[in-house]
Amino acid sequence: GVGDRVAHGGPIVAVLGAVDNVVMFFVAVIIGIIVTAFMVIALKKNVEGSVPVAAGVGPVSVASTPASHTKVETADNTEINKLTDITDLELIDIDLEGTTRDEVIDELVAKFDTEGILSSKLSFKQAILNREGESSTGLGMNIAIPHGKSSAVKRPAVAFGIKRDGVDWKSLDGTDAKLIFMIAVPEKAAGDAHLKILQMLSRKLMDDSFRQQLLAVASKEEAYKLLETIK
């Protein structure tokens, strides 16, 4: 009965409200930890000599975020309460021209570059393609959410595009992507900001009527008004 409304899961996503049946989610996590511990003990081999530590690896601190927390402040002090805090009319294109996934990616990356959000268009595009190489960000239901975390990104931002006749994004359900949200996040602010944006989008895009309204917009201004409701 555990459900995940974003493209990836974990304890932070769970407490942010993007996971259904949170109690059983954590029960499953605990069972997984116990099974893994027993397997490691049973299968591990003794190794003589020292093991080198990778350079730059240090202790990691993870802070939990309460489910009621709605404001995220990134490392560059960008507050994210709703989607329109990090997008504007110039980052919206209601008539994408690209006929392939990569052409659409180029169009949206160019939006970021024109708005001065990127220090390197090529570096950010590579981050997007690297993420697509791990698994498609085509979530189904005519939605794709390509996202990249890169030092080439100056501040968190989202570009939105509509491809009315769809483009093949290798989506999970086989549908072409028509509503494309591209997320750009600086590496130093990749944690909370990235998760918060995915959470906001995933919750709202589950609504069939909202998706239909987005597909029916006739202007950037109409699209922006709808995006204002994503929070």
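Predicted, not measured: the structure shown is a model, and the values here were computed from it.

(A) Summary view of the packing of aromatic side chains. Tallied over the full model, the rule gives 3 aromatic pairs. A centroid spacing of 5.2 Å and a plane angle of 85° characterise the contact between Phe-25 and Phe-26, whose relative ring orientation is edge-to-face. Classification of Phe-26 by relative accessible area gives partly exposed; the value is 28%. Judged by centre distance (5.7 Å) and plane angle (85°), the rings of Phe-112 and Phe-124 are edge-to-face.

(B) Main features of the nonpolar core. One finds Leu-83, Phe-160, Phe-181, Ile-197, Leu-201 and Leu-214 to be the most contacted residues of the largest nonpolar core, which totals 35 residues. Of all the elements in the fold, those that place two or more residues in this core are α1 (11–18), β9 (157–167), β10 (177–186), α5 (190–205), α6 (208–215) and α7 (220–227). At 7 residues, the largest contribution of residues to this core is made by α5. Excluding its chain neighbours within four sequence positions, the residues that come into contact with Leu-214 are Phe-160, Ile-162, Leu-179, Phe-181, Leu-205, Ala-223, Leu-226 and Leu-227. Membership of the second largest hydrophobic core comes to 21 residues, among which are Leu-91, Val-109, Ile-128 and Ala-144.

(C) Spatial organisation of the packing of α1 against helix α2 (residues 22–43). Close contact between α1 and α2 brings their axes to 10 Å; oriented N to C, the two are set at 175°. Between α1 and α2, the crossing angle belongs to the class labelled roughly antiparallel. Of α2, the residues touching α1 (which contributes Pro-11, Ala-14 and Val-15) are Val-22, Phe-25 and Phe-26. Among the residues making up the contact of α1 with α2, the classes are represented as 6 nonpolar, no polar and no charged.

(D) Looking closely at the pattern of salt bridges. All chains considered together, the criterion is met by 6 salt bridges. The partner of Asp-106 in a salt bridge is Lys-125, and the shortest N-O contact between them spans 2.8 Å. Pair noted here: Asp-106 is in helix α3 (residues 101–114) and Lys-125 is in helix α4 (residues 121–134), with a separation of 19 residues, a long-range link. Among the residues examined, Asp-106 registers a relative accessible area of 36% and is labelled partly exposed.

Parameters at a glance
- Residues numbered from 1 in each chain as written.
- Predicted model: local features only at pLDDT ≥ 70, side-chain atom pairs only at ≥ 80, totals over all residues.
- Heavy atoms only, no water.
- Phe/Tyr/Trp six-rings, centres within 6.5 Å; stacked < 30°, edge-to-face > 60°.
- Buried < 20%, exposed > 50% of the residue type's maximum accessible area, 1.4 Å probe, protein only.
- Core = buried A, V, L, I, M, F, W, Y, C linked by side-chain atoms within 4.5 Å.
- Helix = DSSP H or I, 4+ residues; strand = E, 2+ residues; numbered from the N terminus.
- Contact = heavy atoms within 4.5 Å.
- Axes fitted to C-alpha atoms, helices over the stretch in contact; angles between N-to-C directions.
- Parallel < 35°, antiparallel > 145°, perpendicular 65-115°, else oblique.
- Nonpolar A, V, L, I, M, F, W, Y, C, P; charged D, E, K, R; others polar.
- Salt bridge = Lys/Arg side-chain N within 4 Å of Asp/Glu carboxyl O.

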